[in-house]
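Topology and contacts: notes
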Amino acid sequence: MRLKVWGARGSIPAPGPETMRYGGNTSCVEVTLSDNSTLILDAGTGIRHLGMAMKQDRSEAAVAHPVNILLTHLHMDHIQGFMFFPPMFEAGSEIVVWGPASPEASLRDRIARYISAPLAPVEVRELPSRLTFHETDAQEWQIGPARIRAQAVNHRGPTLGYRIEDNGTVLCYIPDHEPGLGAPLASIEDEWISGFDLAHGADLLIHDCQYTDSEYDHHLGWGHSPVSDALEFARRTGPARVLLFHHDPLHSDDFLDRLDTELAERWAQLGGPAGCVSLATERLELELTRDRVQRPAEAAPPPAPPLRSPA
Amino acid sequence: MSAQQRPLELILARNLLSNLSTPGLLVGDGGRLLFYNEAAGAIVGRSFEEVTGFSAEEWTSEFGPLDIDGHPIAYEQIQATKIVRAHMPFHGEFSIKAHGGRREIALTAIPIVAPDDSTAAVVLFWLTDGEPVPAHAAHLSDRLREVDGEAAP
Ligand SMILES: [Zn+2]
Ligand SMILES: [Zn+2]
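Summary of the structure given here.

Cut-offs used in this document
Residues numbered from 1 in each chain as written. Chains lettered and ligands numbered in written order. Predicted model: local features only at pLDDT ≥ 70, side-chain atom pairs only at ≥ 80, totals over all residues. Heavy atoms only, no water. Helix = DSSP H or I, 4+ residues; strand = E, 2+ residues; numbered from the N terminus. Buried < 20%, exposed > 50% of the residue type's maximum accessible area, 1.4 Å probe, protein only. Contact = heavy atoms within 4.5 Å. Areas by Shrake-Rupley, 256 points an atom, 1.4 Å probe, with all protein chains shown as cover. Donors = N, O, S within 2.8 Å, 3.2 Å for Na, K, Ca; no water. Tetrahedral: all angles 85-135°; square planar, octahedral: opposite > 155°, others 65-115°. Phe/Tyr/Trp six-rings, centres within 6.5 Å; stacked < 30°, edge-to-face > 60°. Core = buried A, V, L, I, M, F, W, Y, C linked by side-chain atoms within 4.5 Å. 1 Å grid on protein atoms, 1.4 Å probe; cavity = no way out; pocket = protein on both sides within 12 Å on 5 of 7 lines; lining within 4 Å. Points joined across faces, edges and corners; volume = space filled by probe spheres on them. Nonpolar A, V, L, I, M, F, W, Y, C, P; charged D, E, K, R; others polar. Buried area = accessible area lost by both parts, 1.4 Å probe. Salt bridge = Lys/Arg side-chain N within 4 Å of Asp/Glu carboxyl O. Polar contact = N/O pair within 3.5 Å; in protein donor to acceptor, adjacent residues only side chain to side chain.

Brief notes about the overall build of chain B
Along the backbone of chain B there are six helices and five strands. Starting at the N terminus and ending at the C terminus, chain B contains elements arranged as α-β-β-α-α-α-α-β-β-β-α. The proportion of buried residues among the 153 residues of chain B is 45%. For chain B, contacts bridging at least 24 residues in sequence account for 45% of all contacts bridging at least 6. For chain B, the exposed area adds up to about 7900 Å²; of that, 55% sits on carbon and sulfur atoms.

Shown next, in the form of C-alpha cells:
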C-alpha cells in the first residue's frame, strides 16, 4: 500500500504563506492498493490536486479500475473538493462513493445538497462520470485486494473511521475523532474506547489532533482530539506509526513545528519509540510494507526514518 | 485486545452516565449489566468494578427489583424490560436491595436502539422511600397492556 497526503488541514482550507509547509488543503489521502487501483480517503479540497495528478499520471492499469472514495462524514472539510475533482467530469471514469448512512436521507441526496443550486452550478445528475453511492454502517467489505472495515466513531453527526488491510499491511484513518469525550482514555477498558478496534495494531494510524490541550478546554465536545488524547489513543491502540492530522486552521507552520517537537517529547514520556509519531504534511508520501512504513525512496531497514519529509 | 469493542451508541451512553451525579446504569441487549455509575454504586453499596460482567440473572438476584414478598423479579418479567424491548421509554416504581436492606426507587428506562435493531437501555433512578406513587401509574398500566397485547399471538 502506498499513500499520499493531499490535504491535512481541518475545518476550513487555510492557504497562505504561513501554512505553506504543512499545507492548507482539507482532508484527502490517496491510497494506492497492491493492484495499482486508487482508493481516496475523504474529498476535502486536497482532492482537487489529486484529481489533476491522476489525469496526468494514471497508468493504464489504474484507469481500468473504478476510483473508490471513502468518506468519513459529510462535514464540508471532507467533501468540499468533490465538485473540483476532474474525474467527476470525465465520461469514461467510474467513481464509487462510500459514506455513512443517516436515517434522514440517502448519501446521494445529502451530497447533492452541496452539489446543487444555489451552492453549485451543476447537479449530481448532470455529472458525466459513472457515479454510484453506497451507504455503509459498521461492516466489512472488499474493494479490489483491500479488506475495508468501517465503524462509527465519536464525532458530531454520523461519522465513520476506516481500517484498510491490503497484502498484510493495515492503514487506519480516523481524521475527525474525540474518543476522550467524557472518558478517561488512560484508564478505561479497550472495549469502551471509540475507534479502538479500527486502530489496534495498525501499521499506520492517521488520527485527529486538532487542538493543543489548552485549546481543547474551549472546544470540549466539538468532535476533535487534543494532543494528549491523540497520543493516549495511539499508546492504547499500538499502531507502528502515527500521522497526526486535521490541523487547526489557526495553526501556522511555525506553530506546528513547535507542536511537532512537543509531540515527540510527550510521546517519549509515554514510553513510545522515537520517530513513530509526527504531524501530517501535504504531499507527504509513504509506503506501507509488511514490517515498516517508509518514504518510497528510502530502502534502509528499521529503525525507520522519520515520517515527515524535509521542508 | 480484550473483548470486542462496544458499538458507539453504548460507548457514548456509558460516557454520559459516568459523568452524571444522577444514579444510572446501562443494560445490554440480552440484559447484561454493562455499567453503572458511582452515584448508583453509592446507593446499592457496591462499586461497578466489583460486579463487572454481571448477567441479567446475577444482577437481578443481587439488586432486584423485588416483588411484594421481597423476592427478585426475573429479568424477563420486569415491566421495564418488556416496554424497552418494544422501543418505548418506561417510568415506574420498584423496590430494590441496597446495602443489604430494601429501598424504594423510581426509575426511568430509555431504549438505546442500534442500527441492527438490538436494544440496550439507559436506566436512571432515584430513591423515593416513603414518597407517594405518582399519578402516571395508570397511564403506565395502559401502555403495558398495549405491549403485552402486541406480543400475544
Ligand atoms: Zn473535519
Ligand atoms: Zn467533522
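Things to note about the coordination of the zinc ion (ligand 1)
Summarising the metal site, the zinc ion (ligand 1) is bound by the protein donors Asp77(A) (OD), His78(A) (NE2), Asp176(A) (OD) and His246(A) (NE2), whose distances to it range over 2.0 to 2.1 Å. The site at the zinc ion (ligand 1) holds four donor atoms, and with the angles between them running 89 to 168°, its shape is irregular.

Let's talk about the packing of aromatic side chains
Residues and elements named next belong to chain B. The final tally for this structure, using the stated rule, is eight aromatic pairs over all chains. Measuring from ring centre to ring centre gives 5.9 Å for Trp59 and Tyr75, while their planes differ by 75°; the resulting arrangement is edge-to-face. A residue pair is termed long-range when its members are at least 10 positions apart, and Trp59 in helix α4 (residues 56-63) and Tyr75 in the loop between α4 and α5 (79-85) qualify at 16 residues. By way of ring pairs, the aromatic residues Phe35, Tyr36, Phe48, Phe54 and Phe63 are connected into one cluster.

Considering helix α6 (residues 227-237) of chain A
Residue and element names in this part refer to chain A. With respect to burial, α6 is a largely interior element, nine of its eleven residues being buried. Restricting attention to buried positions, one finds in α6 the residues Val227, Asp229, Ala230, Leu231, Glu232, Phe233, Ala234, Arg236 and Thr237. Of the residues flanking the end of α6, it is Gly238, one or two places downstream, whose phi is positive at about 65°.

Some thoughts on the nonpolar core
With 72 residues, the main nonpolar core has Leu244(A), Leu26(B), Leu33(B), Tyr36(B), Trp59(B), Phe63(B) and Leu107(B) as its most contacted residues. Here the element with the most residues in this core is strand β5 (residues 119-127) of chain B; it accounts for six residues. Beyond its immediate stretch of four places on either side in the chain, Phe63(B) contacts Leu33(B), Tyr36(B), Val44(B), Arg46(B), Val51(B), Phe54(B), Ile96(B) and Lys97(B). Leu70(A), Ala146(A), Ile148(A) and Leu204(A) belong to the second-largest nonpolar core, a separate cluster that totals 30 residues.

With respect to the layout of surface pockets
Looking at the largest pocket, its volume works out to about 950 Å³. Lining the largest pocket are 34 residues, and of these Ala138(A), Ala152(A), Pro7(B), Glu9(B) and Pro115(B) sit closest to its centre. Going through the elements one at a time, β7 (139-143) and β8 (146-152) of chain A together with α1 (8-18) of chain B are the ones with two or more residues in the lining of the largest pocket. If one sorts the elements of the lining of the largest pocket by residue count, β8(A) sits on top with four residues. Across the lining of the largest pocket, the residue classes break down as 16 nonpolar, ten polar and eight charged.

Thoughts on the interface of chain B and chain A
Contact residues are listed per partner, giving 17 residues for chain B and 21 residues for chain A. The contact between chain B and chain A buries some 1600 Å² in all, and 52% of this surface belongs to carbon and sulfur atoms. Along the contact surface separating chain B from chain A lie two salt bridges. Salt-bridge contacts for Arg6(B) lead to Glu191(A); the nearest nitrogen and oxygen are separated by 2.9 Å. On the surface where chain B and chain A come into contact, there are five residue pairs in polar contact (both at pLDDT 80 or more). At seven residues, α1(B) tops the list of elements feeding residues into the side of chain B that touches chain A. Looking at the side of chain B that touches chain A, its residues break down into nine nonpolar, six polar and two charged.

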